[in-house]
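# Descriptive analysis of the structure
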Amino acid sequence: MVGHARVKKAVFPVAGLGTRFLPATKAVPKEMMTVVDKPVIQYVVDEAIEAGVEHFVFVTGRGKGVIEDYFDIQYELEATLKARNKKAELSLLESILPKAGTASFTRQQEPLGLGHAVWCARDIVGQEPFALLLPDMIMKSEKGCLKGMMELYEVAGGNVIAVEECAPELAHRYGIVATGEAVGEGFRITDMVEKPAPGTQPSNFFINGRYILQPEIFEILETQERGAGNEIQLTDGMLKLVKQQSFTGYHYRGATYDTGAKDGFIMANIAFALSRDDIRPLVEADLKALVAALK
Ligand code: G1P
């Protein structure tokens, strides 16, 4: 049996303005804000690496050049570290450097929506399936969300979307899917809607920002009309593809933090700090004291 075409590339839309994090994002892209000591984008790239991704496609925008610099060599810094014999720091920098030629950057010139940002990656992705990871959402689980999706993709092929359950009153913030029969560990997606009006959602399964998509989505996005929020929506494009190709839902059960929101960003910092052997002993007692002092 011929397997499904391997997913080698991942797209990271990083053009967003980050208005929810002003004034910080006036000068620092939201993807470069740190959770403990790593920029948010690093968590998402690590998730893709764990899942076997080999090429990283960043859809950037004006003012995001620092993301490109982050994934490059920093000669002055490295020379200084070498001169000071800082071996651990040097190997840390080495470990995050993508292999030459495996990171590509393209610009979304106007903020026309997620669907448009994804479409901007079409020439670099070409005619192959690709992963899409929204960097606002960082995940914490034993097995990464994308890795679990890749395993489901090996069985189901087609398109795979990760979903989680939300409280019904929060469904209007997300893309929501309608669930059909079981497919392997997942389920068939029969319908989807971007930011449904309160009370109209077909389920409480929301799209959590991780996708495996077939390249036919690009042709659809090319002519996609504006949808919710007057933006070119990826969900609307996928809904058109549902009629031609299979979409399978992967029910992700780990923790997810929306670092684009203040509460999610703070909770991500606390959760990742507490999960680290080097940091937990430094903050645990103080955190407990702070919580105990809450009235
Ligand atoms: C985007 C997607 C939405 C998804 C969400 C997850 O929305 O359009 O379907 O549920 O990401 O974070 P945005 O957060 O850009 O409004």
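This write-up is about the structure you can find in this document. On a predicted model such as this, the values are computed, not experimentally measured, just so you know.

## So, the site of the ligand
As a matter of local geometry, the ligand sits amid Leu114, Leu134, Met137, Tyr174, Gly175, Glu194, Lys195, Ile207, Tyr211, Gln233 and Thr235. Within the backbone of Ile207, one N or O atom sits 2.6 Å away from an oxygen atom of the ligand. In the model, an oxygen atom of the ligand is placed 3.5 Å from a nitrogen or oxygen of the Thr235 side chain.

## Some points on the packing of helix 10 (residues 262–274) against helix 11 (residues 280–292)
Axis separation between helix 10 and helix 11 bottoms out at 9 Å; the angle between their running directions is 125°. Between helix 10 and helix 11, the angle is such that the two are oblique. Of the residues in helix 11, those touching helix 10 at Ile270, Ala273 and Leu274 are Arg280, Val283, Glu284 and Leu287. The residue makeup of the contact of helix 10 with helix 11, split by class, is five nonpolar, no polar and two charged.

## Some words on a nonpolar patch on the surface
Where nonpolar side chains cluster on the molecular surface, the patch consists of Ile73, Tyr75 and Leu97 and spans about 300 Å² of accessible area. Structurally, Ile73 is set in the loop between helix 2 (65–70) and helix 3 (75–83).

## Section: the packing of helix 3 against helix 4 (residues 87–95)
Running from N to C, helix 3 and helix 4 point in directions that differ by 150°, and their axes come no closer than 8 Å. With respect to helix 4, the axis of helix 3 lies roughly antiparallel. The two elements helix 3 and helix 4 meet at a crossing, and its hand is left-handed. Across the interface between the two elements, Leu77, Glu78, Leu81 and Lys82 of helix 3 pack against Glu89, Leu90 and Leu93 of helix 4. Of the residues belonging to the contact of helix 3 with helix 4, the class tally is four nonpolar, no polar and three charged.

## A few points about the pairing of strand 4 (residues 55–60)
In summary, the side chains of a regular strand alternate between the two faces of the sheet. With respect to burial, strand 4 is a largely interior element, six of its six residues being buried. Here strand 4 runs beside strand 5 (residues 103–107); their pairing, made up of five bridges, is parallel. Considered in strand 5, the bridge of Phe56 is made with Ala103.

## What to know about the side chain of Gln201
As for its placement among the helices and strands, Gln201 is situated in the loop between strand 10 (186–194) and strand 11 (205–213). Judged by relative accessible area, Gln201 falls into the buried class, the value being 16%. Looking at Gln201, its side chain comes within polar contact range of the main-chain nitrogen of Gly199, at 3.2 Å. The residues contacting Gln201, other than those within four sequence positions of it, are Pro168, Ala171, Ile176 and Pro196.

Cut-offs used in this document
Residue numbers run consecutively from 1 along every chain, following the written order of its sequence. The model is predicted, so local features are restricted to residues of pLDDT at least 70 and side-chain atom pairs to those at 80 or more, both for listing and for counting; the totals for chains, interfaces and linings are taken over all residues. For the side-chain quantities, the full set of heavy atoms in the structure was used; hydrogens and water were omitted. Proximity is defined per residue: any heavy atom of the residue falling within 4 Å of a molecule or strand makes that residue near it. In protein, a polar contact means a hydrogen-donor-capable atom and an acceptor-capable atom, both N or O and within 3.5 Å, with residues adjacent in sequence counting only if both atoms are side-chain atoms; elsewhere, any N or O pair within 3.5 Å suffices. Interaxial angle, 0 to 180 degrees, is taken between N-to-C directions of lines fitted to C-alpha atoms, where a helix line uses only the stretch in contact. A run of H or I in DSSP counts as a helix once it spans at least four residues, and a run of E counts as a strand once it spans at least two, with each numbered from the N terminus. Every angle not falling under 35 degrees, over 145, or within 65 to 115 is termed oblique; those three ranges are roughly parallel, roughly antiparallel and roughly perpendicular. Contacts were defined at the residue level, with two residues in contact if any of their heavy atoms lie within 4.5 Å. When residues are sorted by character, Ala, Val, Leu, Ile, Met, Phe, Trp, Tyr, Cys and Pro go into the nonpolar class, Asp, Glu, Lys and Arg into the charged class, and all the rest, Gly among them, into the polar class. Residues enter patches when they are more than 30% accessible in relative terms and free of salt bridges; like-charged ones are connected within 9 Å and nonpolar ones (Val, Leu, Ile, Met, Phe, Trp, Tyr) within 5 Å. Surface accessibility follows the Shrake-Rupley procedure with a 1.4 Å probe radius. Residue values consider only the protein chains on display as shielding. Only one rule defines a salt bridge in this text: a Lys or Arg side-chain nitrogen within 4 Å of an Asp or Glu carboxyl oxygen. Definitions for this section: a left-handed crossing has its near helix turned counterclockwise from the far helix by less than a right angle. A right-handed crossing has that turn clockwise. Three exposure classes are used, based on accessible area relative to the maximum for each residue type with a 1.4 Å probe and protein chains only: buried under 20%, partly exposed in between, and exposed over 50%. Between any two strands, pairing holds if DSSP finds at least two bridges.

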